[in-house]
Amino acid sequence: MTKLFSLHQVSLEINNKSIIKNISMDIHDDSISVLMGPNGAGKSSLLRLLAGFTQPTRGNIIRNKILAEKPIGFLFQKSILLNRSVEDNLIHALRSTSPETTDKHISLINNELSKYSIRHLSDISAQKISIGEQQIVSLIRAKITNPSIMLLDEPTSSLDVDYTKRVEDFIKSISHNIKIIMVTHDLNQANRLSKNIINLDNGELK
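Residues numbered from 1 in each chain as written. Predicted model: local features only at pLDDT ≥ 70, side-chain atom pairs only at ≥ 80, totals over all residues. Heavy atoms only, no water.

Visitor: It is not clear to me how the sheet that holds strand E2 (residues 17–28) should be interpreted in this structure. Could you clarify?
Guide: Across a sheet, paired strands are connected by hydrogen bonds in the backbone, their directions being either parallel or antiparallel. The three strands lie next to each other as E2-E1-E4, forming an open sheet whose pairing is antiparallel. Where the open sheet ends on each side, the last strands, each with one partner, are E2 and strand E4 (58–63). Within this sheet the neighbouring strands show an average axis-to-axis angle of 15 degrees, counted without direction. As judged from the five bridges shared by strand E1 (residues 3–14) and E4, these two strands associate in the antiparallel manner. The residue of E4 that forms the bridge with His8 is Asn60. (Pairing = 2+ DSSP bridges. Helix = DSSP H or I, 4+ residues; strand = E, 2+ residues; numbered from the N terminus. Axes fitted to C-alpha atoms, helices over the stretch in contact; angles between N-to-C directions.)

Below is the structure:
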């Protein structure tokens, strides 16, 4: 196992409110890690600290240098997609990380869309497809940039049973090659996906 993150007495305060409280732990590259806890426990805040979107108020986070060698994929709870076709959204992501030609990008995109049974959405505006379809596209967008790690913030919170299963299957299928750290408040989902569950409550490890 390779240690990806080491957190040493990490705390986060926002507007004088304590969100994360003196957390110390290591996160390794094996399996799926799940951040679990009730609403307001600090799960999403911790995920943003790991991504580097937010800096701790106190303490420090040591990141393995391999995390700097590839992009970090981040999936927000609500998909953020450009007002363009599904294909153009994915091409935009690839252009920022890959020197390959547009033809090769399109070939890769078509393969990925077909693999997840949404090839028929290629030319449709990403903002006009269903929420479940948007989440699958967002996952594909993160995956095709060949990230070192993917951080997922409650990726199924707004989905029906069918798309929840599709997203969970997607996550499991890529977790053999990409480290996944995922936030959920659903204990059943956490147990379906992982044996490495990190429990938070009121900003503290439990």
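Now that the structure is up, let's keep going.
Visitor: What exactly am I supposed to notice about the nonpolar core here?
Guide: Inside soluble globular proteins, nonpolar side chains tend to come together where they are buried. Within the largest apolar cluster, 35 residues are counted, with the highest numbers of intra-cluster contacts made by Val86, Leu90, Ile140, Met150, Leu152 and Ile180. Every element with two or more residues in this core is listed here: strand E3 (32–36), helix H2 (86–95), helix H3 (102–115), helix H4 (131–143), strand E6 (149–153), helix H5 (161–174), strand E7 (179–184) and helix H6 (187–193). (Core = buried A, V, L, I, M, F, W, Y, C linked by side-chain atoms within 4.5 Å. Buried < 20%, exposed > 50% of the residue type's maximum accessible area, 1.4 Å probe, protein only.)

Visitor: Looking at this structure, how should I read the pattern of salt bridges?
Guide: What the rule picks out here adds up to nine salt bridges. The salt bridge involving Arg48 is made with Asp153; its shortest N-O contact spans 3.0 Å. Highlighted residues: Arg48 in helix H1 (residues 43–51) and Asp153 in strand E6, separated in sequence by 105 residues. Residue class for Arg48 comes out partly exposed when judged on its relative accessible area of 25%. A salt bridge links Lys206 to Glu204, with the nearest nitrogen and oxygen atoms 3.7 Å apart. For Lys206, a relative accessible area of 63% puts it in the exposed group. (Salt bridge = Lys/Arg side-chain N within 4 Å of Asp/Glu carboxyl O.)

Visitor: What is the right way to look at the layout of surface pockets in this model?
Guide: Regions of empty space are outlined by a rolling probe, equal in size to a water molecule, passed over the atoms. Of the pockets and cavities examined, the largest pocket occupies roughly 270 Å³. Lining the largest pocket are 16 residues, with Phe74, Ala93, Arg141, Ala142 and Thr145 positioned closest to its centre. Put simply, the parts of the chain that give the lining of the largest pocket at least two residues each are strand E5 (72–75), H2 and H4. Top contributing element to the lining of the largest pocket by residue count: E5, with four residues. Of the residues in the lining of the largest pocket, the class split is nine nonpolar, six polar and one charged. (1 Å grid on protein atoms, 1.4 Å probe; cavity = no way out; pocket = protein on both sides within 12 Å on 5 of 7 lines; lining within 4 Å. Points joined across faces, edges and corners; volume = space filled by probe spheres on them. Nonpolar A, V, L, I, M, F, W, Y, C, P; charged D, E, K, R; others polar.)

Visitor: Just to check I follow, could you spell out the environment of Leu81 for this structure?
Guide: For Leu81, the location among the structural elements is in the loop between E5 and H2. The buried category is assigned to Leu81, whose relative accessible area is 11%. Once the C-alpha coordinates of Leu81 and Ala126 are considered, the two residues, 45 residues apart in sequence, prove to be 6.4 Å apart. Non-local contacts of Leu81, meaning those with residues more than four positions away in its chain, are made with Asn89, Ala126, Gln127, Gln134, Val137, Ser138 and Arg141. (Contact = heavy atoms within 4.5 Å.)

Visitor: Can you walk me through the side chain of Ser85 in this structure?
Guide: Note that Ser85 resides in the loop between E5 and H2. With relative accessibility at 14%, the residue Ser85 sits in the buried group. Contact partners of Ser85, with chain neighbours within four places excluded, come to Ser122, Asp123, Ile124, Ser125 and Ala126.

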